[in-house]
Amino acid sequence: MAYVATRGGERAIEQSQRLFRAEMGAITPERVAELRRALPYLIDRVMGEASLYDEDLAALALAQTGGELYEAILLLRAWRTTQPRLAVAAPVTQESLFTHRRISAAFKDIPGGQVLGPTLDYAHRILATEVLEGATSRPEPVEPADRPAPAQQPSVAAWQAANGLLSAPRADSTTGNDIPDVTREPLLFPAPRAHSLQSLARAETGGVLALGYAAQRGYGQAHPTVNELRLAEADLRVTHPRGTVFSAGRVKVSQAEVVSKKGSALGLGFAATLGWNEVKVIAAATLDLNAKGAPKGSATEEEFFLYHTEGVESSGFCIHFKLPHYVTFQSSLDAMRDARAGAAGAAPSKQAEPAE
Amino acid sequence: MPAVPQPSAFESRCNATYDALMWALSRPGLPRDLPPFDPDDLPAGLAHPAHAALIDALIDRECTVHCENPELARHAARSGAAPGTPRTADHLFLDGLATPDLLGDLRQGSDLHPEDGATLVLPARLGQGAPLRLSGPGVDGTLDVRLAGLPEGFWQTRARIMRYPMGFEVFLTDGARVLGLPRSTRVEVL
Amino acid sequence: MTLQSLTKDWEPMAYGFLDGSAKREIRRKMLKAISVPGCQMPYASREVPMARGWGTGGLQVSCTLVTPRTRIKVIDQGADDSVNAASIRKFLASVSGAPVTTDTLQADLIQSRHRIPEERLREDQVLVLQVPNPEPLRSVQPNMSIARQMHADADYGRMWLQLYEQIVRSGRVMQGASYPSLVNGRHVMTPSPIPRWDVPKLHMARHLTLLSAGREKRLHAVPPFTRVEPLVFDDVPYRVEDHAGLTCHRSGARGFFMNEIPQADGTSLHEVSDSDLGVKTIRAAEGEDTRIGATWYVDGEMS
């Protein structure tokens, strides 16, 4: 009699994956293309959290995982790990962004103007149930403005800094490979500014929202005013080994500046991410705004929110509790039974078990 | 999943080099053999080609390296490593040492980050010279070794300036053999 | 300098999955971890094709060490046939071409979650333990930076206090697995969630143990012949799980760490947690030619 059938485990794994995949059916190039076309905001969210900008790969990851977002992002992150670093693009400035949408809640009008751009903010959220009855919902054509908004606009914070309302962040002249890269170095605290912003950029949207919302509701010290929210495209300028600077294309980016009164000046919080994801950058900028001087262990302390909004780590750890823990459980039971035997007759102890 | 990848000759050599280094530090005082290398793979004219093999296994653009030998320095630069001084380098490759003074310059990390201590690679003659007695992690009780080619006072200086867990690691190479001395090893001059 | 000299040939997947730069970083950190036993070394910890918390730290170490000749054994909770062990073993073999085994004696590299095999490991073997939480101080200090400062200061007072309070309240130390242990007289480490039964196996062992936490991005090491001492008070001795008198109902093996199997009638049966030892014990009983190596525990006592 064999004690265990080692192959049994492998067969079970194989069949469990078949069950999962059977539900989704064949993954075709058409399906991937349709996902990419139909769900740009989901694609953006996935690319942001994966910190990998490739719409086709993001669509493929969604198709392959049936939309299990954490799985899709892990797939992309794992693929990203294996890719060589060919070049580092030139830094992108706010005023160089090709801007589609840019609004400020701080001023009625701002230099460069308010640009509403694509948004459902003022849509009435009514399901188009007629589609389920056979109708096709076609978007109305967009009517161009008489005077197009300028493609490039300055940041509102720059105007405030020029007017002495806030101290502009110190310019960081680090470029290329010298920029700290959180995917190649461990995150340690106090974290370099680059690590903080990179971590927020690839943070899990829901996690950032939960902690940012907590800060907004009053668990943070600062109440944010959205100085500016921007959806844009950034030009990737890369230097060829021969020295020529060229554009390698554009990526969609979002960024938010939030401010609040801090003494006699304004405090500034900032966040940016790949893809268009407004909730994430506003929540992330709120956390950034609140991070300075936050009490240790509070939800607005950088170490707390950066560790706990890392989606691949948090989701992985959460689901790891499904793995067998016979050994640790057995070990705890042993201590518990022995303690009870020792205390026989006395009231059972109410103390908490050490966490495992 | 693609077919099982095969290691290149370079990959295999780096892996085996690291294996020797890992066991050299795990069992201080016991020399390990570095893997053979094709002379064409390494720069010509190096007094200590093993040092180039160590660079291949360990060093890249995340490192700051001090190499005494200019040809070795060029080899390290090709890995992308930044050149450094004995005070700034995380890895140092020397052709020899006349006095132990340089040890005082080495990075030792901090209590908070002992990992920032340097790694010093030096040629020596293993199995010759003055007897030393090693003890500490990785040593089964004590181990007596003989090492030659190091300056007078090397061990006394090492013991004087390191305050564990701060410190630096030493690899001694002799041709294609390597002996490791982590900071945790106590060295007694007999 | 040519483009050719700057690049290498395209390959669909790097050998051992990790690229050269990831491996070099892990190598450098492992060397420092071995040099300061029990001290947690931060490393970048790349994403691998497995979820965080499922052995990605151990996997990165194994991927760095593996060669086409490294014989690999993977266990989870002591068992080779656990689905997660099977998954990791399959991945390691598929990215390295390394041969696999379930026999502890045959293995060059053993990646394990929560157990150390019962057969003694040799001085040519490497044990890679998967670590969910590398910080032994977390139960008294959840903030990682403050905990790191406590290690720097060898400030373990709160750890001792916690153990003391458990004794006062419950009459014994209530820590189950992951028993905090002092390494080389300096750093308190977690031995990973191995049972208390397994911690003495690390003390002055002949093999090299590498402990790696992928999600938390820390690795630490216990070199051979290194002191690993569970934190205990002089008058309250360290106690392993009370398994010395238990017998495996399937193999008859006795005096090893067991899994408890609840029965419908309210009782429990036990089976040996080290599945390969169970297999070998059965084979030996059936007269097959099987070699069982020397075990750390003999008749339920650490020898």
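In this text the structure is predicted, and so the values were computed from the model without any measurement. (Residues numbered from 1 in each chain as written. Chains lettered and ligands numbered in written order. Predicted model: local features only at pLDDT ≥ 70, side-chain atom pairs only at ≥ 80, totals over all residues. Heavy atoms only, no water.)

Caption draft 1: View of the overall build of chain A. Each helix and strand counted, chain A has 12 helices and four strands in total. The dimensions of chain A, computed from C-alpha atoms along their principal axes, are 80 × 55 × 55 Å. Summing over all exposed atoms, chain A offers an accessible surface of approximately 20,300 Å²; the carbon and sulfur share of this is 58%. Each charge sign in chain A was given a centre, from 36 positive and 40 negative side chains, and these centres are 2 Å apart. (Helix = DSSP H or I, 4+ residues; strand = E, 2+ residues; numbered from the N terminus. Areas by Shrake-Rupley, 256 points an atom, 1.4 Å probe, with all protein chains shown as cover. Lys, Arg positive; Asp, Glu negative; His and termini not counted. Charge placed at Lys NZ, Arg CZ, Asp CG, Glu CD.)

Caption draft 2: Geometry of the interface of chain C and chain B. At the interface, 49 residues of chain C touch 44 residues of chain B. Note on chain C versus chain B: buried area summed over both sides is about 3,800 Å², and carbon and sulfur give 63% of it. For the pair chain C and chain B, the number of links is seven salt bridges. With a closest N to O distance of 2.6 Å, Glu11(B) and Lys23(C) form a salt bridge. The interface formed by chain C and chain B holds 20 residue pairs in polar contact (both at pLDDT 80 or more) in total. When residues of the side of chain C that touches chain B are traced back to their parent elements, those giving at least two are helix 2 (20–35), strand 1 (41–42), helix 3 (56–65), helix 4 (83–96), helix 5 (144–152) and strand 7 (208–213) of chain C. Broken down by element, the side of chain C that touches chain B gets its largest block of residues, 11 residues, from helix 2 of chain C. Class assignment of the residues belonging to the side of chain C that touches chain B gives a composition of 25 nonpolar, 13 polar and 11 charged. (Contact = heavy atoms within 4.5 Å. Buried area = accessible area lost by both parts, 1.4 Å probe. Salt bridge = Lys/Arg side-chain N within 4 Å of Asp/Glu carboxyl O. Polar contact = N/O pair within 3.5 Å; in protein donor to acceptor, adjacent residues only side chain to side chain. Nonpolar A, V, L, I, M, F, W, Y, C, P; charged D, E, K, R; others polar.)

Caption draft 3: A look at the packing of helix 2 (residues 29–38) of chain A against helix 4 (residues 55–65) of chain A. All names here are of chain A. With their axes 8 Å apart at the nearest point, helix 2 and helix 4 run at an angle of 110° to one another. The orientation of helix 2 relative to helix 4 falls into the category roughly perpendicular. Two packed elements cross with a definite hand, and for helix 2 against helix 4 that hand is right-handed. In contact with Arg31, Val32, Leu35 and Arg36 of helix 2, helix 4 contributes Glu55, Asp56, Ala59, Leu60, Leu62 and Ala63. Grouping the amino acids of the contact of helix 2 with helix 4 by side-chain chemistry returns six nonpolar, no polar and four charged. (Axes fitted to C-alpha atoms, helices over the stretch in contact; angles between N-to-C directions. Parallel < 35°, antiparallel > 145°, perpendicular 65-115°, else oblique. Left-handed = near helix turned anticlockwise from the far one by under 90°.)

Caption draft 4: Up close: the pattern of salt bridges. All names here are of chain A. Scanning the model with the defined rule gives 56 salt bridges over all chains in all. Note that glutamate 55 and arginine 36 form a salt bridge whose closest N and O atoms lie 2.8 Å from each other. You can see glutamate 55 sitting in helix 4 and its partner arginine 36 sitting in helix 2, a full 19 residues away along the chain. Residue classification places glutamate 55 among the partly exposed residues on the basis of a relative accessible area of 22%. (Buried < 20%, exposed > 50% of the residue type's maximum accessible area, 1.4 Å probe, protein only.)

Caption draft 5: Looking closely at the interface of chain C and chain A. Opposite the 70 residues of chain C that make contact, chain A presents 55 residues. With both chains or domains summed, chain C and chain A bury close to 5,300 Å², and 57% of this area falls on carbon and sulfur atoms. The three residues of chain C that bury the most area against chain A are Glu47(C), Trp54(C) and Met174(C), which together make up 13% of that side's buried surface. On the surface where chain C and chain A come into contact, there are seven salt bridges.

Caption draft 6: Region of the structure containing the sheet that holds strand 1 (residues 98–103) of chain A. Residues and elements named next belong to chain A. The strand order across the open sheet built from four strands is 1-2-3-4, with neighbouring strands paired in antiparallel fashion. For this open sheet the edge positions go to strand 1 and strand 4 (265–274), each flanked by a neighbour on one side alone. For this sheet the average axis-to-axis angle between neighbouring strands, irrespective of direction, equals 20°. In this structure, strand 1 lies alongside strand 2 (residues 225–239), joined through five bridges in antiparallel fashion. If you follow threonine 99 over to strand 2, its bridge partner there is alanine 232. The sheet contacts of helix 3 (residues 40–50) involve strand 3 (245–262) and strand 4, and relative to strand 4 the element is tilted by about 105°. (Pairing = 2+ DSSP bridges.)

Caption draft 7: Looking closely at the domain arrangement of chain A. Residues and elements named next belong to chain A. Under the domain assignment, chain A is made up of domain 1 (13–81) and domain 2 (94–123 + 149–170 + 180–314). In this structure, domain 1 and domain 2 have C-alpha centres spaced 26 Å apart. Domain 1 puts 17 residues into the contact, and the matching count from domain 2 is 20 residues. Of the roughly 1,400 Å² buried between domain 1 and domain 2, counting both surfaces, carbon and sulfur atoms make up 50%. (Domains from an automatic or database assignment.)

Caption draft 8: View of the sheet that holds strand 9 (residues 228–230) of chain C. Residues and elements named next belong to chain C. With respect to topology, three strands assemble into an open sheet ordered 6-5-9, the strand pairing being antiparallel. Two strands lie at the open edges of the sheet, namely strand 6 (187–189) and strand 9, each paired on one side alone. For this sheet, the mean angle separating the axes of adjacent strands, direction not counted, is 35°. When strand 5 (residues 181–183) meets strand 9, the two strands line up antiparallel, connected through three bridges. Looking across to strand 9, one finds that leucine 182 is bridged to glutamate 229.

Caption draft 9: Layout of unusual backbone geometry. Cis geometry is found at the peptide bond from Phe189(A) to Pro190(A), where omega equals 0°. Mapped onto the elements of the fold, Pro190(A) is located in the loop between helix 6 (156–162) and helix 7 (193–201). With an omega dihedral of 10°, the bond running from Tyr164(B) to Pro165(B) counts as a cis peptide bond. Mapped onto the elements, Pro165(B) comes out in the loop between helix 4 (154–161) and strand 8 (169–174). A positive phi angle is found at His114(C), which is not glycine, with a value near 75°.

Caption draft 10: Structural context of the packing of aromatic side chains. Tallying each qualifying case throughout the model produces nine aromatic pairs over all chains. Linked through ring pairs, Trp160(C), Tyr164(C) and Phe233(C) together constitute an aromatic cluster. The ring of Phe98(A) carries Arg250(A) above its face, with NZ or CZ at 4.4 Å from the centroid. A cation over a ring is seen here: Arg215(C) above Phe317(A), with NZ or CZ 3.5 Å from the ring centre. (Phe/Tyr/Trp six-rings, centres within 6.5 Å; stacked < 30°, edge-to-face > 60°. Lys NZ or Arg CZ within 6 Å of the ring centre and 35° of its normal.)

Caption draft 11: Structural view of the nonpolar core. Core analysis: the biggest nonpolar cluster contains 64 residues, and Met22(B), Phe93(B), Leu65(C), Val126(C) and Leu210(C) have the highest contact counts within it. Not counting residues up to four positions away in its chain, the partners in contact with Phe93(B) are His51(B), Leu54(B), Ile55(B), Ile59(B), Val65(B), His66(B), Cys67(B), Glu68(B), Leu72(B) and Val121(B). Listed in part, the 34 residues of the second largest apolar core include Val327(A), Ile110(C), Tyr156(C) and Leu211(C). (Core = buried A, V, L, I, M, F, W, Y, C linked by side-chain atoms within 4.5 Å.)

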